[in-house]
Amino acid sequence: GRTRARIAGRALVLTTSVVPTIAGQRLVISLAAFRERPRGLEELGMSEAEARALKAMVERGRGILLVCAPVAGGSSTTYYALLAHAASAGKTVYSVEQSIEHEIPAVAQVMLEPGGPSPAAYIAAGMRQDTDVIAIDGLRSVEDVHLAVEAAGLGKLVVATFPAADIASGVHRMLELGAEPHSLAAALTLGVGQRLVRLNCPNCSVETDGALAARIPGAPAGLIDRSGSGCPNCGKSGFRGATAIHEVLPFTEPVRSAVGRGGNREEIAGAALAAGMRPLVVAGLARVKSGDVSAEELDRVVRYSDRTE
């Protein structure tokens, strides 16, 4: 279950989990700070054009808006930003979530419970409700994917997160799960891939030799790379804060064709690049140019040096 409490003057969210054991009930209570509102799309590190494309899809779109990121890659933050914008645009939203990080009053939020109805059962129930947007924070099974495709076919917008390294990997994994290629291709309308990168501490960032920066695909000659050296302001880590880098892909006919053929990750990625998608490494390069992110940190996240050796 989930409830709110005020302890020592702080608003907290308490999430409880009770499991029967041979010695009795085992109770775990998780405490987290209550956050009144999700961040807006503009606050997530997206470019203005990327945020505008997502807003337009939420306001007028149909089909599946797929958010792909590794575990702990920030996909839930983007998910809640999309839900909040849909609610503010007057859409009726039904959301199925593994855990509820933000309460959005205008959204019907369902929290999954261990041993309770499956995600697919809640998705199917949402399809029978009068709602504009069905949202699923965590597609896991082929049944979940099939229902998301079916909901998109009914003219609804489906906002779904899926654990994957990038958009092409996510779509390929959905095909490997058993999604029907032509149906999936017809349902997908917009994809978002993202990774979290740590920001250089502004108080101690210094220039590096630039050797690793020069290997970033598309890096200009003489690119200046900066990284944090460590100071008391950042706890000697060299980092202070984090942001996300994104790739946003409208599923045009050539991209849908690659998916409909059941193409592998490379074929789907190639079609996405030909359609003009700015990949994660290029989005990261913009952050390196601005001095916000080091080339080493970008390499840790997207491993571009492995591709150029």
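Not measured: the values here are computed from a predicted model.

Taken together, the 10 bridges between strand E2 (residues 10-21) and strand E3 (residues 24-33) define a ladder with antiparallel strand orientation. Bridge pairing links Val-13 to Ala-32 in E3. Taken together, E2 and the strand that follows it, E3, pair antiparallel across an intervening segment of 2 residues.

Let us now look at the packing of aromatic side chains. Counted by the stated rule, this structure contains 1 aromatic pair. Here the guanidinium or amino end of Arg-198 rests over the ring plane of Phe-239, the centre of that ring lying 3.9 Å away.

Attention now goes to a nonpolar patch on the surface. On the surface, a cluster of nonpolar side chains totalling about 460 Å² of accessible area is made up of Ile-7, Val-18, Leu-27, Ile-29 and Leu-31. A per-element tally of the nonpolar patch places E3 first, with 3 residues. Structurally, Ile-29 is set in strand E3.

Further remarks concern the environment of Val-159. Its place among the elements puts Val-159 in strand E8 (residues 157-163). We classify Val-159 as buried; its relative accessible area is 2%. Along the chain, Val-159 and Leu-82 lie 77 residues apart, while their C-alpha atoms are 8.0 Å from each other. Residues in contact with Val-159, not counting those within four places in the same chain, are Leu-65, Tyr-79, Leu-82, Leu-83, Val-133, Ile-134, Ala-135 and Ile-136.

Ranked by size, the top nonpolar core spans 43 residues in total, and within it Ile-64, Leu-66, Leu-139, Val-158, Val-171 and Leu-184 carry the most contacts. Sorting elements by how many residues they give to this core places helix H4 (residues 142-153) first, with 6 residues. Leaving out residues up to four positions away in the same chain, Ile-64 has contacts with Ala-148, Val-149, Ala-152, Val-158, Ala-187, Leu-188, Thr-189 and Leu-190. Judged by nonpolar contacts, the second largest core, of 28 residues, contains Leu-41, Leu-44, Leu-83 and Met-111.

A separate point is the pairing of strand E9 (residues 188-200). Counting buried positions along E9 gives 11 out of 13 residues, so the element sits mostly inside the fold. Pairing between E9 and strand E12 (residues 239-250): 10 bridges, direction antiparallel. In the sheet register, Gln-194 faces E12, and the bridge partner there is His-246.

It is worth spelling out the sheet that holds strand E5 (residues 93-97) at this point. Read from one edge to the other, the open sheet built from 7 strands follows the order E6-E5-E7-E8-E4-E9-E12, with strand pairing classed as mixed. Looking along the sheet, the strands with just one partner apiece sit at the ends: strand E6 (107-111) and E12. Across the sheet, the mean angle from the axis of one strand to that of its neighbour is 20 degrees, orientation sign disregarded. As defined by bridge partners, strand E7 (residues 133-137) adjoins E8 across 5 bridges and the pair is classed as parallel. Each residue of the ladder has a partner; that of Asp-137, found in E8, is Thr-161. Its contacts with the sheet place helix H5 (residues 167-177) against strand E4 (63-69), E8, E9 and E12, and it is angled at close to 95 degrees to E8.

The next thing to look at is the pattern of salt bridges. If you walk through the whole model with that rule in mind, you get 12 salt bridges. In this structure, Arg-300 engages Glu-297 in a salt bridge whose closest nitrogen and oxygen atoms are separated by 2.8 Å. Here the residue Arg-300 and the residue Glu-297 both occupy positions in helix H10 (residues 295-302), the gap between them amounting to 3 residues, near one helical turn. The class of Arg-300 is partly exposed, set by a relative accessible area of 44%. By relative accessible area, which is 2% here, Glu-297 ends up buried. Where Arg-303 meets Asp-306, a salt bridge forms, and the shortest distance between an N and an O atom there is 3.4 Å. For Arg-303, a relative accessible area of 38% translates into the label partly exposed. Of the residues examined, Asp-306 reaches a relative accessible area of 44% and is grouped as partly exposed.

Conventions adopted
Residues numbered from 1 in each chain as written. Predicted model: local features only at pLDDT ≥ 70, side-chain atom pairs only at ≥ 80, totals over all residues. Heavy atoms only, no water. Pairing = 2+ DSSP bridges. Helix = DSSP H or I, 4+ residues; strand = E, 2+ residues; numbered from the N terminus. Phe/Tyr/Trp six-rings, centres within 6.5 Å; stacked < 30°, edge-to-face > 60°. Lys NZ or Arg CZ within 6 Å of the ring centre and 35° of its normal. Patch = residues over 30% accessible without salt bridge, like charges linked within 9 Å, V, L, I, M, F, W, Y side chains within 5 Å. Areas by Shrake-Rupley, 256 points an atom, 1.4 Å probe, with all protein chains shown as cover. Salt bridge = Lys/Arg side-chain N within 4 Å of Asp/Glu carboxyl O. Buried < 20%, exposed > 50% of the residue type's maximum accessible area, 1.4 Å probe, protein only. Contact = heavy atoms within 4.5 Å. Core = buried A, V, L, I, M, F, W, Y, C linked by side-chain atoms within 4.5 Å. Axes fitted to C-alpha atoms, helices over the stretch in contact; angles between N-to-C directions.

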